Amino acid sequence: MQDTYKHILLILVLSLVTKFGLAQTGQIRGVVLDQDNNEAIPFANILVIGTNTGTSASFDGNFTLENIQAGYVQLQVSSVGYTPILTAALFVTNSNSPFIEIKLQANENLLDEVEVKVKPFQKREESPISMQSITTREIESNPGSNRDISRVIQSFPGVGSTPAFRNDVIIRGGGPSEIRFFLDGIEIPVLNHFSTQGASGGPVGIINADFIRSVDFYSSAFPASKYNALSGILDFQQKEGSKDKTNLQATLGASEAALTLDGPLGDKTSYIFSVRQSYLQFLFSAIGLPFLPTFSDYQLKVKTNLDTKNQFTLISIGSLDHLTLNTGIKNPSPEQQYILSQIPVNNQWSYTIGLVYKHFFENGYHTFVLSRNMLNNEFFKYPDNDENLERSFDYISTEAENKFRYELNFRKNGIKYNLSSNLEYAKYSNQTAQQVFTSDSLINFKYATYLNIFKYGLSGQATKRFLDSRLLLSLGIRFDANNYNENTSNLFNQFSPRFSSSYSLSDKSFLNAGVGRYFQQAAYTTLGFRNNAGTLVNLQDARFIGLNQYNLGIEHRFSEKVLLSLEGFYKDYFQYPIDLVSGASLANQGAAYSSVAGAAPVTFTGKGRSYGFEILNRWNYETFSVLASYTYVQSLFTDLSGSFIPSSWDSKHLLSITGSKELKKDWRIGFKWRFVGGLPYTPFDLETSSNVQAWDAIGQAYLDYSRLNSERFAAFHQLDLRIDKNYFFKKWTLMLYIDIQNAYNFKNIGQDIIVREKNTDGTFATTNDGTKYILQSIANTSGTVLPTVGIMIKL
């Protein structure tokens, strides 16, 4: 049967090639503008890298490049008095002309000449250290990632992962709750389907890769205008819609189908819109998996240029998720029985919508951002999935935030200034009914909470070059507060200065450094937690979580295509919440399926430290690229006694090698190999777990927190492969890929699965007059060769 499908696909492709013929060239349209005031840069030079094809911009900055070889291309753009740049890769087809808005930065040292030597691997002036730029080409071609940015960044230094096939972003030993995401300047709190509330992870990302132009990834040295993050920021820049005609792209991937439209809406407005729908539930049901997820999402960008001085951008993104249980499985295996007993039903939806207005003046611009985001999250669970019984877990929660932010960017006397302020109004609600087994007794825990929180902040940053631009210095300060309690309402309690620098030892070598203090508000799940009496138990003690981070690095650019860097880091956490029930730092939470992070009584006395170094080697040639990174990291957080314990992200060693090669006739091959050192884990408390009341309350075994993270898994490693083939026809484009995850079938050994033994009649076996279950440990191995096929059509 599989051979038959292969033959049908081959015949279809060959017939299409014969019928329509191949067309190998396309065009690029765009405009070159001053980064500070948005004025057109006339007569700028635009060159297609690796070719002799080029052109000059018109008086109004517009340009068109004709007869461009189909596929990914980069442009080198230069003009007198401006620093030249190399654009992110653009995908060119004959049927779809990409439009690009190119911003050049004025450079007083280049007023008398055109500097045509482009500096590769460019970074933001405010963040010369701990920052990487990721292009569309790297996202599209990254093996094993399924075009999901949260998995793509696992190739970069400092980024950890788990063998659980989730999208948790774990940076330099910090937890997945310590990351923030921005989409064209608008914060999007939810990045994944089936998102873990109070953290950032989930199994599938909601951002459609068709929208992404580039991503700035910060692991430290955050710009002062970015806030409420400790370990990382992902800043997405989206593509522009076509100015010429309506384009359509249809995608059939490993788990979902997608449709993307873009085009003009009049002379001054363009749009790009997509919808996606999963079909995993049909596949999972057919192969007998015990859970059935389904998800859908949408994404929208509309941009209007009223004139050269005024610009509006509307952004929106949303998701709808349902996870049900496949309780119709006959004679479930112990593994299926384990999953069915502990996973709850989950219904979740989220959206973000925002408007960005920019007004440009002679040497800068004002930015006004108004946005709203909301998450609705529901879990429920019946004991042994018997709906005739009372629910053992019933949870519904909403988080809604209304945000306003103002930024002023301008240059004066060679100094770049950024001033910002923000005001937010948040509403959080939570209704929880749960059976909790503690102190050898079962408690029916029930509460409802409603919070209204005002948040506010101020920041400023100044950046300047000295010594003929060899020395770059950037100084920023930030203040944040909210009205939750007396501790959090004082702006000066959250004073966060930051400083970064870069010194050119030579034209090819740079010494970079950064130091900063960062604050993050505790999760709403923590701030809104109540006891059975209805008391906000964390109200008096709550504080912002704090971090001091220090970075020092050196990088050498062997050529315009090859970079090698070494960077050391030290992270010093303070005021980290510790769970008063388990005694464990909340830094260990956030990477479990169907969970809520941070919902517990806590003390904000925890400390943590994470330190290590990173090595990065990048090769970016026109037809060949390699990204190799190694990170050594140790991550420790205090427990309730004050002892430093290895965190759940203390992997020690992270190694990743990713490469791709462009072949003739529009073929591309790629690979990614990653190694993650064994992560710590906490053994089970089998005595408590065997208690019938205890087990029935949560449907799974209990952890023994007196031995928190005292054991360690074996190391995890995996090889992913990918093959792409593009067909460029006269009026449309066909893109095919085969992605093979875990190509050599590595078997990961996880923590044993604990299940209850059954009697011959199907009832659960007990002892001690029916008060104790008889438990059984089953080896837990995961990992299989996972091939997927993707089909994309551009019209």
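Everything below is about the structure printed above this text.
Residues numbered from 1 in each chain as written. Predicted model: local features only at pLDDT ≥ 70, side-chain atom pairs only at ≥ 80, totals over all residues. Heavy atoms only, no water.

Asker: Explanation requested: the overall build of the chain in the structure shown.
Answerer: Helices and strands together make up the secondary structure of the chain, namely nine helices and 48 strands. Here the C-alpha radius of gyration of the chain, 27 Å, is about what a compact globule of 795 residues would show, namely 28 Å. Structurally, the chain occupies a C-alpha span of about 90 × 70 × 45 Å along its principal axes. Taking contacts inside the chain between residues at least 6 apart in sequence as the whole, the part at least 24 apart equals 67%. For the chain, the accessible area works out to roughly 32,800 Å², and carbon and sulfur atoms hold 58% of it. Positive and negative side-chain charges in the chain, numbering 70 and 72 respectively, have mean positions lying 5 Å apart. (Helix = DSSP H or I, 4+ residues; strand = E, 2+ residues; numbered from the N terminus. Rg over C-alpha atoms; globule rule 2.2 N^0.38 Å. Contact = heavy atoms within 4.5 Å. Areas by Shrake-Rupley, 256 points an atom, 1.4 Å probe, with all protein chains shown as cover. Lys, Arg positive; Asp, Glu negative; His and termini not counted. Charge placed at Lys NZ, Arg CZ, Asp CG, Glu CD.)

Asker: What's the story with the side chain of Asp-704 in this structure? I'm lost.
Answerer: In this structure, Asp-704 sits in the loop between α9 (692-698) and β41 (711-712). A polar contact of 2.9 Å, which involves the side chain of Asp-704, links it to the side chain of Arg-707. (Polar contact = N/O pair within 3.5 Å; in protein donor to acceptor, adjacent residues only side chain to side chain.)

Asker: Explain helix α5 (residues 334-342) here, please?
Answerer: In an α-helix, one full turn covers 3.6 residues, which means residues spaced three or four apart are oriented alike. Among all positions of α5, only Gln-336, Gln-337, Leu-340, Ser-341 and Gln-342 are buried. Among the structural elements, β24 (310-325), β26 (364-381), α9 and β44 (748-756) are those in contact with the buried residues of α5. (Buried < 20%, exposed > 50% of the residue type's maximum accessible area, 1.4 Å probe, protein only.)

Asker: Would you take a moment to explain unusual backbone geometry for this structure?
Answerer: Leaving glycine aside, a negative phi is the common case for residues, and trans is the common case for peptide bonds. The phi torsion at Arg-172 lies on the positive side, around 50°, for a residue other than glycine. Classification of Arg-172 as buried rests on a relative accessible area of 1%. One non-glycine residue with positive phi stands out, namely Lys-652, at about 70°. Within the secondary structure, Lys-652 sits in strand β38 (residues 652-662).

Asker: Mind showing me how you'd approach the environment of Tyr-576 here?
Answerer: With respect to the helices and strands, Tyr-576 occurs in strand β34 (residues 562-579). Classification of Tyr-576 by relative accessible area gives buried; the value is 2%. Between the C-alpha atoms of Tyr-576 and Arg-543, which are 33 residues apart in sequence, the distance is 8.6 Å. Each residue touching Tyr-576, except ones within four places of it in the same chain, is listed here: Ser-177, Glu-178, Ile-545, Ser-585, Leu-586, Ala-587, Thr-603, Phe-604, Thr-605, Gly-606 and Phe-637.

Asker: Just to check I follow, could you spell out the pattern of salt bridges for this structure?
Answerer: Oppositely charged side chains may form a pair once their charged atoms are brought near each other. Applying the stated criterion across every chain, the model contains 42 salt bridges. With a shortest N-O distance of 3.9 Å, Lys-416 and Glu-125 are connected by a salt bridge. Of the two residues, Lys-416 is situated in strand β28 (residues 415-438) and Glu-125 in the loop between β10 (99-106) and β11 (131-135); the sequence distance between them amounts to 291 residues. On the accessibility criterion, Glu-125 (18% relative accessible area) is buried. Across the pair Glu-125 and Arg-465 runs a salt bridge whose closest N-O atoms are separated by 3.8 Å. Of the two residues, Glu-125 is situated in the loop between β10 and β11 and Arg-465 in strand β29 (residues 441-466); the sequence distance between them amounts to 340 residues. (Salt bridge = Lys/Arg side-chain N within 4 Å of Asp/Glu carboxyl O.)

Asker: Got a minute to help me understand the pairing of strand β19 (residues 232-238) in this structure?
Answerer: On a regular strand, one side chain projects to one face of the sheet and the next to the other, so that they alternate. Most of β19 sits out of view: seven of its seven residues are buried. Neither face of β19 is exposed, since Gly-232, Leu-234, Phe-236 and Gln-238 on one face and Ile-233, Asp-235 and Gln-237 on the opposite face are all buried. Pairing between strand β14 (residues 179-183) and β19: five bridges, direction parallel. The residue bridging Phe-181 from the neighbouring strand is Leu-234, located in β19. Pairing between strand β18 (residues 212-218) and β19: six bridges, direction antiparallel. Of the residues in β19, the one forming a bridge with Ile-212 is Gln-238. (Pairing = 2+ DSSP bridges.)

Asker: When you look at the nonpolar core in this model, what are you seeing that I'm missing?
Answerer: Among soluble globular proteins, nonpolar side chains are generally buried collectively. Within the largest apolar cluster, 30 residues are counted, with the highest numbers of intra-cluster contacts made by Ile-134, Ile-139, Ile-149, Ile-207, Val-215 and Phe-236. The set of elements that each furnish at least two residues to this core consists of α3 (149-152), β14, β18, β19 and β24. Not counting chain neighbours up to four residues away, the residues in contact with Ile-134 comprise Ile-139, Ile-149, Val-152, Ile-153, Phe-156, Ser-214, Val-215 and Phe-217. Membership of the second largest hydrophobic core comes to 20 residues, among which are Val-32, Ile-85, Val-92 and Leu-104. (Core = buried A, V, L, I, M, F, W, Y, C linked by side-chain atoms within 4.5 Å.)

Asker: Honestly, the side chain of Ser-459 in this entry has me stumped. Any pointers?
Answerer: With respect to the element layout, Ser-459 can be found in strand β29. The class for Ser-459 is buried, based on a relative accessible area of 9%. A distance of 2.4 Å separates a polar atom in the side chain of Ser-459 from a polar atom in the side chain of Ser-420. At 3.5 Å, the side chain of Ser-459 and the side chain of Arg-478 are in polar contact. In this view, Ser-459 contacts Ala-224, Ser-225, Asn-418, Leu-419, Ser-420, Ile-477 and Arg-478; residues no more than four positions away in its chain are not counted.

Shape descriptors only; they carry no functional weight alone.
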